[in-house]
Amino acid sequence: MSVLITGASGLLGAHIATALVREHVVGVDRHPWWGDKPLEMAQGDLLSEAFVTEAVCRVAPSVVIHCAALVDVDACERQPEVAEAYNARMTRTLVRAAGPEALFIYITTDGIFQGDRAFSTETDEPKPRTVYGWSKLHGEQEVQAAGDNHLIIRTNFYGWSSGRKRTSAEWLYRALATGEAVTGFTDFHFTPIYVVDLVERLLVLMKSPHRGIFHLCGAERVSKYEFAVRLAAAAGLPMTSLRAGSIESASLLAPRPKDMSLSCDRFCKTTGLDVPNCNAGLRRFGADRDRSLAQRFEHGAR
Ligand SMILES: NC(=O)c1ccc[n+]([C@@H]2O[C@H](COP(=O)([O-])OP(=O)(O)OC[C@H]3O[C@@H](n4cnc5c(N)ncnc54)[C@H](OP(=O)(O)O)[C@@H]3O)[C@@H](O)[C@H]2O)c1
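Predicted, not measured: the structure shown is a model, and the values here were computed from it.

Chemist: Lay out the overall build of the protein chain with the relevant residues and their values.
Modeler: In terms of regular secondary structure, the protein chain is built from eleven helices and 13 strands. For the protein chain, whose C-alpha radius of gyration is 18 Å, the value lies close to the compact-globule estimate of 19 Å for 302 residues. Principal axes of the C-alpha set define a box for the protein chain whose edges measure 55 × 40 × 35 Å. Split into buried and exposed, the 302 residues of the protein chain put 44% on the buried side. Residue pairs at least 24 apart in sequence account for 75% of intrachain contacts in the protein chain once pairs closer than 6 positions are excluded.

Chemist: Mind laying out the nonpolar core, listing which residues take part and the relevant values?
Modeler: Counting residues in hydrophobic clusters, the biggest one holds 83 residues, and the most contacted among them are Leu4, Ile5, Val64, Ile153 and Val195. In terms of residue count, helix 4 (residues 80-98) provides more of this core than any other element does, six residues in total. Apart from residues lying up to four places away in sequence, isoleucine 153 is in contact with Ile105, Tyr106, Ile107, Thr108, Leu202, Phe214 and Leu216.

Chemist: Run through the sheet that holds strand 1 (residues 2-6), naming residues and quoting values.
Modeler: Taken together, seven strands build an open sheet; the order of strands is 3-2-1-4-5-6-11 and the sheet is parallel. Two strands lie at the open edges of the sheet, namely strand 3 (40-43) and strand 11 (212-215), each paired on one side alone. The sheet shows a mean angle of 20 degrees between the axes of neighbouring strands, taken without regard to direction. Two elements, strand 1 and strand 4 (residues 63-66), share four bridges in a ladder whose sense is parallel. Among the inter-strand pairings, isoleucine 5 is bridged to a residue of strand 4, identified as isoleucine 65. Sheet strands touched by helix 5 (residues 131-145): strand 5 (103-109) and strand 6 (150-155). Its angle to strand 5, the strand with the most contacts, is close to 165 degrees. Across the sheet, helix 7 (residues 195-207) touches strand 4, strand 5, strand 6 and strand 11, and the angle it forms with strand 6 is around 160 degrees.

Chemist: Can you lay out the environment of glycine 179 for me, pointing to particular residues and giving the numbers?
Modeler: For glycine 179, the location among the structural elements is in the loop between helix 6 (168-178) and strand 8 (182-185). Spatially, the C-alpha atom of glycine 179 lies 38 Å from that of isoleucine 65, the residues being 114 residues apart in sequence. With sequence-adjacent residues up to four places away left out, glycine 179 is seen in contact with Thr240 and Ser241.

Chemist: Describe the site of the ligand, naming the residues involved and giving the relevant values.
Modeler: Taken together, 24 residues lie around the ligand, and Gly7, Gly10, Leu12, Leu46 and Ala69 are the ones closest in. Mapped onto the shell around the ligand, the elements with two or more residues apiece are helix 1 (11-19) and strand 5. Of all the elements, helix 1 adds the most residues to the shell around the ligand, at three residues. Here the residues of the shell around the ligand are counted per class, giving eleven nonpolar, eight polar and five charged.

Chemist: Break down the packing of helix 8 (residues 224-235) against helix 10 (residues 278-287) for me, with residues and values.
Modeler: Two numbers describe how helix 8 lies on helix 10: the axes approach to 9 Å, and their chain directions differ by 50 degrees. In terms of orientation, helix 8 lies oblique with respect to helix 10. Considering only the axes of helix 8 and helix 10, their crossing is right-handed. Residues Phe227, Arg230, Leu231, Ala234 and Ala235 of helix 8 pack against Cys278, Asn279, Leu282, Arg283 and Gly286 of helix 10. Of the residues in the contact of helix 8 with helix 10, the class split is six nonpolar, two polar and two charged.

What counts as what
For every chain, the first residue of the written sequence is number 1, and numbering continues from 1 onward in sequence order. Per-residue local features of the predicted model are confined to residues with pLDDT of at least 70, and side-chain atom pairs are confined, for both listing and counting, to 80 or more; whole-chain, interface and lining totals are unaffected and use all residues. Strands here are runs of E lasting at least two residues and helices are runs of H or I lasting at least four, both read from the DSSP assignment and numbered beginning at the N terminus. In this setup the radius of gyration rests on C-alpha atoms only. A globule is expected at 2.2 Å times the number of residues raised to 0.38. Backbone-placed C-beta atoms define the burial measure: a residue is buried with 20 or more other C-beta atoms within 10 Å of its own, exposed with 12 or fewer, and partly exposed in between. Contacts are defined on C-beta atoms placed from the backbone: any two residues whose C-beta positions lie within 7 Å are in contact. For this entry, the nonpolar core is defined as buried Ala, Val, Leu, Ile, Met, Phe, Trp, Tyr and Cys residues connected by C-beta atoms within 7 Å. Should DSSP find at least two bridges between two strands, the strands are taken to pair. Angular values range over 0 to 180 degrees, each being the angle between N-to-C directions of two axes fitted as lines to C-alpha atoms, with helices fitted over their stretch in contact. For each residue, a C-beta atom is placed from the backbone, and the residue counts as near a molecule or strand when that atom lies within 6 Å of it. For this classification, Asp, Glu, Lys and Arg are treated as charged, while Ala, Val, Leu, Ile, Met, Phe, Trp, Tyr, Cys and Pro are nonpolar and the rest, including Gly, are polar. These descriptions rest on fixed angle ranges, namely under 35 degrees for roughly parallel, over 145 for roughly antiparallel, 65 to 115 for roughly perpendicular, and the rest for oblique. Should the near helix be turned anticlockwise from the far one by less than a right angle, the crossing is left-handed, and should it be turned clockwise, the crossing is right-handed.

Structure follows, in structure tokens:
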């Protein structure tokens, strides 16, 4: 099996590339590879059709895992055309170049929903509130239009990254550790999953015959405030700098959905696997802090 991973130097892509040990893996990103295991990389801009076509032709992948995106929600809001170019058109170029024989795995978001109900399912109607959400939904539609050989994975994850770009969980960890003031929203809910837990389950799905849309995230719906409390408890950090607040009083450019929680029932029934609760994921996250990427997959939770 040859696997092409876009966004391989990002949070999710780097973890997937590391977890795949038996396959021929080629990473694509505009940044260099930073993991401890050697990885064949094609470095360049995925917005360039010529670059995408050349990379896909050279690798002839049996699986494409598309993680690269414009992930900054407020940047998308400021520049809708740029968001579309990254999240919809780049996806179209890639899925067409890969062809119908290749399994195309598109990583997408809980932000495609309106966010006015708990535990959205795959059959609920998407209705994004943000430009980011719309552009990712258009990416999903490009994948569906290209054929049936796909997995569309809607998720929301956290983890340790390369240090080049601090993830939100890293930022939260550091703020709690240094006593920097943090406001956790009590009226903004989600179902977060630790990235290593996500990748282990994603790869089971990839190797299965199942196709279509799957929600794959944590089992528990928590507020951002509750998540911060639990992260502090799991990591033994003080909570003195954490205060509860409302998203209503935050000056965010993009109008955030308030309930981004997803139901993973379809994934669990289809694969027979569970998804972890919030504390289990956070314990693993805390324990992995000083581990290399490869070591994170050697310390299985299950
Ligand atoms: N993080 C979450 O909680 C979350 C939640 C829901 C869905 N997702 C989805 O999950 C996927 C992966 O997210 P992530 O957090 O791993 O993102 P990430 O850390 O930003 O990784 C994406 C990587 O792709 C690169 N990239 C972006 N555009 C590129 C281009 N035109 N050419 C080459 N490389 C490019 C990025 O470089 P730059 O850093 O320079 O942009 C980055 O290295 C995304 O599709 C995102 O929409 C993420």
